[in-house]
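# Chains, contacts and geometry: an overview
One-letter residues, chain by chain:
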Amino acid sequence: MPELPEVETIARALREGGRGGVPIPGRRIERAELLWSGCLATPTAEFQHLLPGQTVEAVERRGKFLILRLNTHALLIHLRMSGDVRVEAAGQPLQKHDRAAFHFADGLHLAFNDARKFGRLWFTPLPQTITAHLGPEPFDEALTPGAFHQRLSTRQRQLKPLLLDQSFLAGMGNIYTDEALHRAGLHPLCRSDALQPQHSARLLDSIRAVLSDGIQRNGASIDWVYRGGDFQNNFRAYQRTGQPCPVCATPIQRLVVGQRGTHICPRCQPLEPH
DNA sequence: CCTGAAACCTGTCTGC
DNA sequence: TGCAGACAGGTTTCAG
């Protein structure tokens, strides 16, 4: 489920509580339990020896990474396609597909659940080395329309795969990319260096608009992967094949771009930008 | 540098 | 009911 708005929603719940969640900053991890060792991307020995006893000092998000800052290290969580985290009372039984559990000293645990086993954990003293390859945050004030246009026009890439490239921009996934391109009236196969400055500005505005909407609605819940958000009720293109475009009523089409299901309005999103 | 395909996995849904 | 196939919110790696 997780793109930037979903990860942001989870980070906020872990940090501040709300939506039934409990804040975890200030809590000490007494025991770390690895239920499927394949999810740990850093050495197991450090994880087992240095993690117990550390206290959660802060919860942050960078791109789609969830970052728990501990005393000397950080725990990074990437949910990939089907990952999820739960905070619950220690008495609650672990669930099917739980891959790791962090037991707090005061009777709570944080469970990392991931049916498809794509998600990963990193336990490291230098979290910035893990996130170093990421491009700018979409809401970074330094990312001006001019700077964004510069980034777009110095590459010769199809727009959709470029927006999905985390080293170009951090946090976009399949849903929000389709939604942003629809709002901007740009075709996913349009070349990034074919955009005029006004197109780039429109795209940046659209990206920020769909991400803001998603965050405001606590993310999107689809299929059996559920988070509790309701942005899925506001999709204009994503998974709306055959349904009318909310702008011009033309049926939404599905195509495949870069191996990803892609949804467009053929009328609002012509190949030649205008 | 760019594109497309395959790989990593399990679960759900559709159609025969 | 069973079964094959398509599809799924992501990322990495490799061939051309």
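Residues numbered from 1 in each chain as written. Chains lettered and ligands numbered in written order. Predicted model: local features only at pLDDT ≥ 70, side-chain atom pairs only at ≥ 80, totals over all residues. Heavy atoms only, no water.

## Some thoughts on the pattern of salt bridges
A complete count under the given rule lists 14 salt bridges for this structure. The partner of E33 in a salt bridge is R31, with the nearest N and O atoms 3.9 Å apart. Residue R31 is classed as partly exposed on the basis of its relative accessible area of 44%. R69 is the salt-bridge partner of E60, the closest N and O atoms lying 3.0 Å from each other. Its relative accessible area of 32% is what places R69 among the partly exposed residues. Here the salt bridges do not stand alone but share partners, grouping E8, R12, R61, R62 and E137 into one network. (Salt bridge = Lys/Arg side-chain N within 4 Å of Asp/Glu carboxyl O. Buried < 20%, exposed > 50% of the residue type's maximum accessible area, 1.4 Å probe, protein only.)

## Remarks on the protein's contact with DNA strand C
With respect to spatial proximity, 21 residues lie near DNA strand C, and among them K64, A220, I222, Y238 and R260 are the closest. One nitrogen or oxygen atom from the side chain of R116 is found 3.1 Å from a base nitrogen belonging to DNA strand C. Here a phosphate oxygen of DNA strand C and a side-chain polar atom of Y238 are 2.9 Å apart. Counting only elements with at least two residues in the surface near DNA strand C, the list comes to α6 (174-184) and β10 (260-264). Split into classes, the residues belonging to the surface near DNA strand C amount to eight nonpolar, six polar and seven charged. (Near = heavy atom within 4 Å. Polar contact = N/O pair within 3.5 Å; in protein donor to acceptor, adjacent residues only side chain to side chain. Helix = DSSP H or I, 4+ residues; strand = E, 2+ residues; numbered from the N terminus. Nonpolar A, V, L, I, M, F, W, Y, C, P; charged D, E, K, R; others polar.)

## Description of helix α7 (residues 197-216)
The α-helix advances 3.6 residues per turn, and as a result positions three or four apart in sequence lie on the same side. The end-to-end C-alpha separation of α7 is 28 Å, in line with the 28 Å expected for 20 residues at 1.5 Å each. Among the residues of α7, H199, S200, L203, L204, S206, I207, V210, L211, G214 and I215 are the ones counted as buried. Relative to the axis of α7, the buried residues are bounded by an arc of 160 degrees and lie together on one face. Turned more than 90 degrees off the buried face of α7, the exposed positions are D205 and Q216. (Expected span 1.5 Å × (residues − 1). Arc of directions from axis to C-beta.)

## A word on the nonpolar core
Counting 29 residues, the largest nonpolar core has F148, L152, L159, Y176, L203 and I207 as the members making the most contacts within it. Mapped by element, the contributors of at least two residues to this core are α4 (145-153), α5 (159-164), α6 and α7. Among the elements that take part in this core, α7 stands out by supplying six residues, more than any other. Beyond its immediate chain neighbours, meaning those up to four positions away, F148 contacts L143, L163, F168, S200, L203, L204 and I207. Formed by 28 residues, the second largest nonpolar core is a distinct cluster that contains V59, L68, L108 and L121. (Core = buried A, V, L, I, M, F, W, Y, C linked by side-chain atoms within 4.5 Å. Contact = heavy atoms within 4.5 Å.)

## What to know about the protein's contact with DNA strand B
Residues in close proximity to DNA strand B total 13 residues, the closest being H97, R116, Q156, R157 and Q259. Here a base oxygen of DNA strand B sits 2.9 Å away from a polar atom, N or O, in the side chain of R116. R191 places a side-chain nitrogen or oxygen 3.2 Å from a phosphate oxygen of DNA strand B. Within the surface near DNA strand B, the residues separate by chemical class into three nonpolar, four polar and six charged.

## Things to note about the sheet that holds strand β1 (residues 29-34)
Sheets are built from strands paired through backbone hydrogen bonds, the pairs being either parallel or antiparallel. The four strands are arranged β1-β6-β7-β5 in an open sheet whose pairing can be described as antiparallel. Lying at the two open borders of the sheet, with one neighbouring strand each, are β1 and β5 (83-89). The average angle at which neighbouring strand axes cross in this sheet is 15 degrees, direction not considered. Across five bridges, the pairing between β1 and strand β6 (residues 98-104) is antiparallel. For E33, the partnering residue across the bridge sits in β6 and is A101. (Pairing = 2+ DSSP bridges. Axes fitted to C-alpha atoms, helices over the stretch in contact; angles between N-to-C directions.)

## Side note on the packing of aromatic side chains
Taken as a whole, this structure holds seven aromatic pairs when the rule is applied. With 5.6 Å between their ring centres and 75 degrees between their planes, F231 and F235 make a pair best called edge-to-face. Residues F231 and F235 agree in their burial class; the two are buried. Taking 5.3 Å as the distance between ring centres and 85 degrees as the angle between the ring planes, the aromatic pair formed by F235 and Y238 counts as edge-to-face. For F235, a relative accessible area of 11% translates into the label buried. Within the aromatic cluster, the residues linked to one another by ring pairs are Y176, F231, F235 and Y238. Positioned over the ring face of W36 is R99, at 5.9 Å from the centre of the ring. Against the face of F168 rests R151, its NZ or CZ located 5.3 Å from the ring centre. (Phe/Tyr/Trp six-rings, centres within 6.5 Å; stacked < 30°, edge-to-face > 60°. Lys NZ or Arg CZ within 6 Å of the ring centre and 35° of its normal.)

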